[in-house]
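A closer look at the structure
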Amino acid sequence: MDLLEYQAKILFAEHGIPTLPSQRISSLSDIRNLKIPFPVMLKSQVHSRSRGRAGGIRMAANTIDAVAAAQSIFRLPINGQCPDTLLVEAHYRAERELYLAVVLEHNARRPLLLGAAAGGMDADLSPDRVVHVLVEEDFSPFYVRRLALGMGLSGALMRSVASVAEKMYRLFVQRDLDLVEINPLGVGADGTLMALDAKVRVNDGALARHPMLSNILQGVKDLGDRPAPSLSRASSPKMSTESHFDELNDRPGYWTPMDGSVAVVCNGMGLILATVDWVAHAGGKAAGFADVGWPTEGEGENCLGDRVLLALERAIATSNCQTVLINLIGPAINGVQIIRRLIDEFQTQGLWQNLVTQFQESASTKITALSTSQSLSTAAHGYGSQTDGPAELEVDAEAPISRGVLQVQERVETSLLGEDAQGLDAQKFDEPSLTLDLRNLKCRSQRPKLVIHCANLDWEACQALVEPYPIWLCSTIETAVKLAVDMDAANMGAATAQ
Amino acid sequence: MKLTPDCKVIIQGIHEAAARFHTPLMQRYGTQIVAGISPGEGGAVEAGVPVFDLVEEAIAAVGPIDTTVVFAPAFQAVDAALEAIAAGIRQVVLTSDGVPPLDMVNLVRKAEATETLVVGPNCPGIIVPGQVLLGMHPPEMYQPGKVGIVSRSSTLTYEVARSLTAAGLGQSIAVCVGPDQIVGSSLLQWLQILDEDEATEVIVLIGEVGSDSELMAARYIAEAIDKPVVVYVAGQFAPKRREIGHADEILAARLVGDRSAGQVPMESIQAAFRKAKARWCDRPSKIPDAVKRLLR
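Residues numbered from 1 in each chain as written. Chains lettered and ligands numbered in written order. Predicted model: local features only at pLDDT ≥ 70, side-chain atom pairs only at ≥ 80, totals over all residues.

So, unusual backbone geometry
Following N183(A), the chain continues into P184(A) via a peptide bond in cis, with omega recorded as 5°. In this fold, P184(A) is placed in strand β8 (residues 177-187). Omega for the bond connecting G120(B) with P121(B) falls within 30 degrees of zero, at 10°, which places this linkage in the cis form. Structurally, the position occupied by P121(B) is in the loop between β7 (117-119) and β8 (125-128). At R109(A), a position not held by glycine, the phi torsion is positive, near 60°. Assignment of secondary structure puts R109(A) in the loop between β5 (96-105) and β6 (110-116). Located in the positive-phi region is N122(B), a residue other than glycine, with phi close to 55°. Topologically, N122(B) is positioned in the loop between β7 and β8. (Helix = DSSP H or I, 4+ residues; strand = E, 2+ residues; numbered from the N terminus.)

Below, the structure is given as structure tokens:
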């Protein structure tokens, strides 16, 4: 997970890497309280490398300038992301800009120091311009001197650059980081150095032993009174900035959307990637995928069944899929148990009796809600044919509805954590009657079809089990993929015909 | 390297849930598990074998050990491996998931200095069908034969082994090195082992898009591997990674000479394998046929 610049600079300061005096602002009114003398730089705190080019970094000579600059930066999306926070820094005049990084080299399986004599936004960092020093054995400062000398530096500058690189290395190791990068490292007229930008990538796996990093990350978004996202490995909520599949390995049930219509649910990233390939070769397109991982201790006997279900809910709630391809293999996989869990859900009027609705709020807030309530589904279904005008949908407060209301509440809360939603108070769903503003309601009442390939199934027992339900069992992955893609094509065909 | 039925094995972290599940499966397969290690549980008996607090105590009681299979939790896994190496064990299978990469860097330095074979972390280990199971492979999907499998993905290894077995093609060794950034032994090391292994006639290599190791493996095959290789790299249709740092680009550029790539693109990987005259499969189900043709 990447840190924002200001978060990375907290770590830099802790390790004695020189940074400029700075202050964070989260609203225009904060500018009145700036303590840094003008001129200042205002920097958008988003995950992007090209903030400067995109207009996310501006200089301001006085308060009026600063307000105007902040206003435009707060509103400027970079990579589809508007900043919650700006970093205001003293202005620095660099005579020269260098590039430094510490990263793990996966083939040599050692930390690698990188340096270039010319850094900055437009620097040419092609292989022949970058010095590489592999830290083969236990670290000692000669490695960073080798780097600085390799960059063509000499004398005092060589020693001070080596010293910054050493601090970067120690930060990298002490905090289990995947990357520490400074681009540019400014060299002042007097030869002093300054980290003008900061990029730090934490290792998700090691986060649990670095509470300080977790604390820094908890500040990623100002969540107000809402619960902060938990950063534990198994239950990380979806964060809108993360769609990077490498980060998904360790998060069971995490759903990664794609643009097709067959949802893929597997255990293990390799099997997921292969199944997505299979679907493509069969003429289909994946709607996305989820890795349900392995059974883990302390999560209940049928945790894999629960995770498959969770993945299905997310798949249905966030994509257009009508067909779900479930492909599971492994020694500790109890296919019958998982299938029973899915069938339970049919029988208890869970997922499959649900109406899946997408509420498009006026303030461009997208909320996906799931409800078990038959009356909600019926009412909303009726409403679904109307497409314009605000309307209210009331759900009465009888017993079967409570679960539906709870689910709606959960979904709303989940959505709120993941997106910049405003104007929706989750509290109101505690009321016995549920009122939602249903503008631009879309609804689907069709159940998704499940195609399952699972190694080591008790074939006959399972066939009998699934017969009353829209579940198909296949003995090979090839037949499962073909069936899922064909069904999906038939669905899409039917939808187009309507 | 010793991967035979008379290989003496200990289980570190024998009280972990995964160990409780897999130790009896290994025993049933004929793996000679002679002791378990579980700090604080010395004196207990688990899966019919004595449990010790320290590896050296186990060795004092039961004699020399060839291999340890580590199930210790993520942050204790490398400590367990280092303890085993210090006690003279030279084959380590790390099944633990979530081992921090920098812990692995320390372990790799130690393993190289002591010529210890480390497999994993986050992997099901090694199976020599019909002989020995060191880890978590589901044995019923394998049968003895001539195909060596080396892979980065556990479940995909099982799927490929199962389809080979179904096609009547047994396996000589199957190893999954794990999908992590820093692994104890690389695809390259295992290509070399399989190339030298007398029982192996065809090598099947299974990779995943998004790392450098497949490209390195392809170049190594071109240089040093004499046996025929069948390859599948998963993820041709996977979403591309989002924008990443300069450092990632620099690393990728060192390999493919293209700084805009960010990650090594599938086309470069495929081209490198074609150049190495490996047989490229675009999905796993094509592997058995490709192997069959090469065995003839």
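Text resumes after the structure shown.
Considering helix α1 (residues 5-14) of chain A
Residue and element names in this part refer to chain A. The element α1 is largely enclosed, with a buried count of seven among its ten residues. Listed as buried for α1 are E5, Y6, Q7, A8, K9, L11 and F12. G16 occupies a position one or two residues after α1 and carries a positive phi of about 75°. (Buried ≥ 20, exposed ≤ 12 C-beta atoms within 10 Å, placed from the backbone.)

Thoughts on the packing of helix α3 (residues 74-86) of chain B against helix α4 (residues 101-114) of chain B
All names here are of chain B. At a minimum axis separation of 10 Å, α3 and α4 run at an interaxial angle of 15°. Classed by the angle they form, the pair α3 and α4 counts as roughly parallel. Seen along the crossing, α3 lies across α4 with a hand that is left-handed. Contacts between α3 and α4 involve V78, A81, L82 and I85 on the former and, on the latter, D103, M104, N106, L107, K110, A111 and T114. (Axes fitted to C-alpha atoms, helices over the stretch in contact; angles between N-to-C directions. Parallel < 35°, antiparallel > 145°, perpendicular 65-115°, else oblique. Left-handed = near helix turned anticlockwise from the far one by under 90°. Contact = placed C-beta atoms within 7 Å.)

As for the sheet that holds strand β4 (residues 86-90) of chain A
All names here are of chain A. What the four strands build is an open sheet, ordered β1-β4-β2-β3; its pairing is antiparallel. The sheet is open, and its two edges are formed by β1 (22-25) and β3 (57-60), each paired on a single side. Averaged over all pairs of adjacent strands, the angle between their axes in this sheet comes to 25°, without regard to strand direction. Inspection of the sheet shows β1 paired to β4 by four bridges, in the antiparallel sense. The partner of S22 across the bridge, within β4, is E89. (Pairing = 2+ DSSP bridges.)

Describing the confidence of the model for chain A
Put simply, chain A has an average pLDDT of 75, and 71% of its residues get 70 or more. Confidence drops under a pLDDT of 50 for residues 220-252 of chain A, and excluding neighbours within four residues, the segment shows 56 contacts in the predicted structure. (pLDDT = per-residue confidence, 0-100.)

Considering the packing of helix α5 (residues 154-166) of chain B against helix α10 (residues 287-295) of chain B
All names here are of chain B. Between α5 and α10, whose axes approach to 9 Å, the crossing angle comes to 55°. When the interaxial angle is binned, α5 and α10 end up oblique. By crossing handedness, the relation of α5 to α10 is classed as right-handed. Along its contact with α5, which presents V160, S163 and L164, the element α10 presents I287, P288 and V291. In the contact of α5 with α10, the residues fall into five nonpolar, one polar and no charged. (Nonpolar A, V, L, I, M, F, W, Y, C, P; charged D, E, K, R; others polar.)

Some words on the confidence of the model for chain B
Considering every residue of chain B, the mean pLDDT works out to 93; 94% of them sit at 70 or more. The ipTM value of the predicted complex is 0.93, and its pTM value is 0.82.

Digging into the nonpolar core
By size, the foremost hydrophobic cluster in this structure holds 220 residues, and its most contacted members are L113(A), A165(A), V264(A), V265(A), L325(A), A81(B) and V204(B). Ranked by residues supplied to this core, first place goes to helix α7 (residues 269-281) of chain A with nine residues. Beyond its immediate sequence surroundings of up to four residues, L325(A) is in contact with V262(A), A263(A), V264(A), T275(A), V279(A), V451(A), A480(A), V481(A) and A484(A). (Core = buried A, V, L, I, M, F, W, Y, C linked by C-beta atoms within 7 Å.)

Remarks on helix α1 (residues 17-29) of chain B
At 3.6 residues per turn, the α-helix brings residues three or four places apart onto the same side. All names here are of chain B. Between its first and last C-alpha atoms α1 spans 19 Å; for 13 residues at 1.5 Å apiece the expected length is 18 Å, and the two agree. Among all positions in α1, only A19, H22, T23 and M26 are buried. Next to the buried residues of α1 lie β1 (8-12), β2 (32-37) and β9 (132-135). Directly beyond the C-terminal end of α1, a positive phi value near 105° is found at G30. (Expected span 1.5 Å × (residues − 1).)

A closer look at the pairing of strand β5 (residues 67-70) of chain B
All names here are of chain B. The alternating pattern of β5 places T67 and V69 and T68 and V70 on opposite faces, both of which are buried. In this sheet, β5 lies alongside β1 in parallel orientation, the contact comprising four bridges. Across the sheet, the residue bridging to Q12 is V70, located in β5. In terms of strand pairing, β5 meets strand β6 (residues 91-94) through four bridges, oriented parallel. Counted as the bridge partner of T67 is Q91 from β6. For the segment spanning β5, α3 and β6, crossover handedness is right-handed. (Right-handed = clockwise from strand over helix to strand, strands pointing away.)

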